[in-house]
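Coordinate analysis (summary)
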Amino acid sequence: MDRAQKEKVVEELGQIFASSGVVVVAHYEGMTVAQMQDLRAQMRAAGGSVRVAKNKLAKIALEGQPCASIADYLTGMTVLSYSEDPVAAAKVADAYAKGNDKFKILGGAMGNSALDPAGVKAVASMPSREELIAQIVSCIGAPASNIAGAIGAPASNIAGILKTLEEREAA
């Protein structure tokens, strides 16, 4: 790799660290090519990506970034899993680590804060952006559906209520 290629890789990694919602650093020593391809496919399906890069170049890219503290995790055979969604990469990495003992999560970064392995697990347990949006929409839609149900109630219910009210007035 010549100097121009290294500069390009450092620039790409800098973009990854700056624009990603979450970055997960893990060891992948002993994993087969098929296992790595499976991890990449799962990450791609969740809207994330996987990148293997030289630790020295990744450390250079981290200089001046808000998440520069994760440079300590970049030792040995490391892989970077990242996504714009602050939860997606952590969810996939955590699930993959449970099924593959050769994939060990070292830590990561979410915005300005560094995460230890327990922090990555905590982020992985949070609902994703889509799940949160669905929950908010259902909360907003619930009162409207109750009103629609009351308005659309069968006329016999309304007639029964009116009849009961008339009997009370007569009594």
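Up top is the structure.
The following paragraphs examine the structure supplied in this document. Given the structure is predicted, the values throughout are model-derived calculations rather than measurements.

Observations regarding the nonpolar core
Ranked by internal contacts, the top residues of the largest apolar core, which has 21 residues, are Val24, Met36, Leu39, Val79 and Phe103. For this core, the secondary-structure elements that each account for two or more residues are strand E1 (22-27), helix H2 (33-45), helix H4 (88-99) and helix H5 (117-124). Of the residues forming this core, the biggest block, five residues, is contributed by H4. Among all residues touching Leu39, those that are not within four sequence positions of it are Val50, Val92, Tyr96 and Phe103. With 19 residues, the next largest nonpolar core counts Ala53, Leu57, Ala71 and Leu80 among its residues.

What to know about the sheet that holds strand E2 (residues 48-51)
Pairing in this open sheet of five strands is antiparallel, and the strands run E2-E3-E1-E4-E5 from one edge to the other. Both edges of this open sheet fall to E2 and strand E5 (113-115), since each of them pairs with a single strand only. Neighbour-to-neighbour, the strand axes of the sheet open up by a mean angle of 20°, direction not taken into account. Bridge analysis of E1 against strand E3 (residues 78-83) gives six bridges, and the strand direction is antiparallel. Within E3, the residue paired with Val23 across the bridge is Tyr82. Of the strands in this sheet, E1, E2 and E3 are in contact with helix H1 (residues 3-19), which crosses E2 at around 145°.

Focus on H5
If you check which residues of H5 are buried, you get Gly119, Val120, Val123 and Ala124. Along the axis of H5, the buried positions cluster into a sector of 140°, meaning they face one direction only. In this structure, the buried side of H5 is in contact with E1, H4, strand E4 (104-110) and E5.

Details of the pairing of E1
Where burial is concerned, most of E1 is hidden: five out of the six residues are buried. Relative to E4, E1 is paired through five bridges, and the arrangement is antiparallel. Counterpart to Val23 in the pairing with E4 is Ala109.

Reading guide: rules and limits
- Residues numbered from 1 in each chain as written.
- Predicted model: local features only at pLDDT ≥ 70, side-chain atom pairs only at ≥ 80, totals over all residues.
- Heavy atoms only, no water.
- Core = buried A, V, L, I, M, F, W, Y, C linked by side-chain atoms within 4.5 Å.
- Buried < 20%, exposed > 50% of the residue type's maximum accessible area, 1.4 Å probe, protein only.
- Helix = DSSP H or I, 4+ residues; strand = E, 2+ residues; numbered from the N terminus.
- Contact = heavy atoms within 4.5 Å.
- Pairing = 2+ DSSP bridges.
- Axes fitted to C-alpha atoms, helices over the stretch in contact; angles between N-to-C directions.
- Arc of directions from axis to C-beta.

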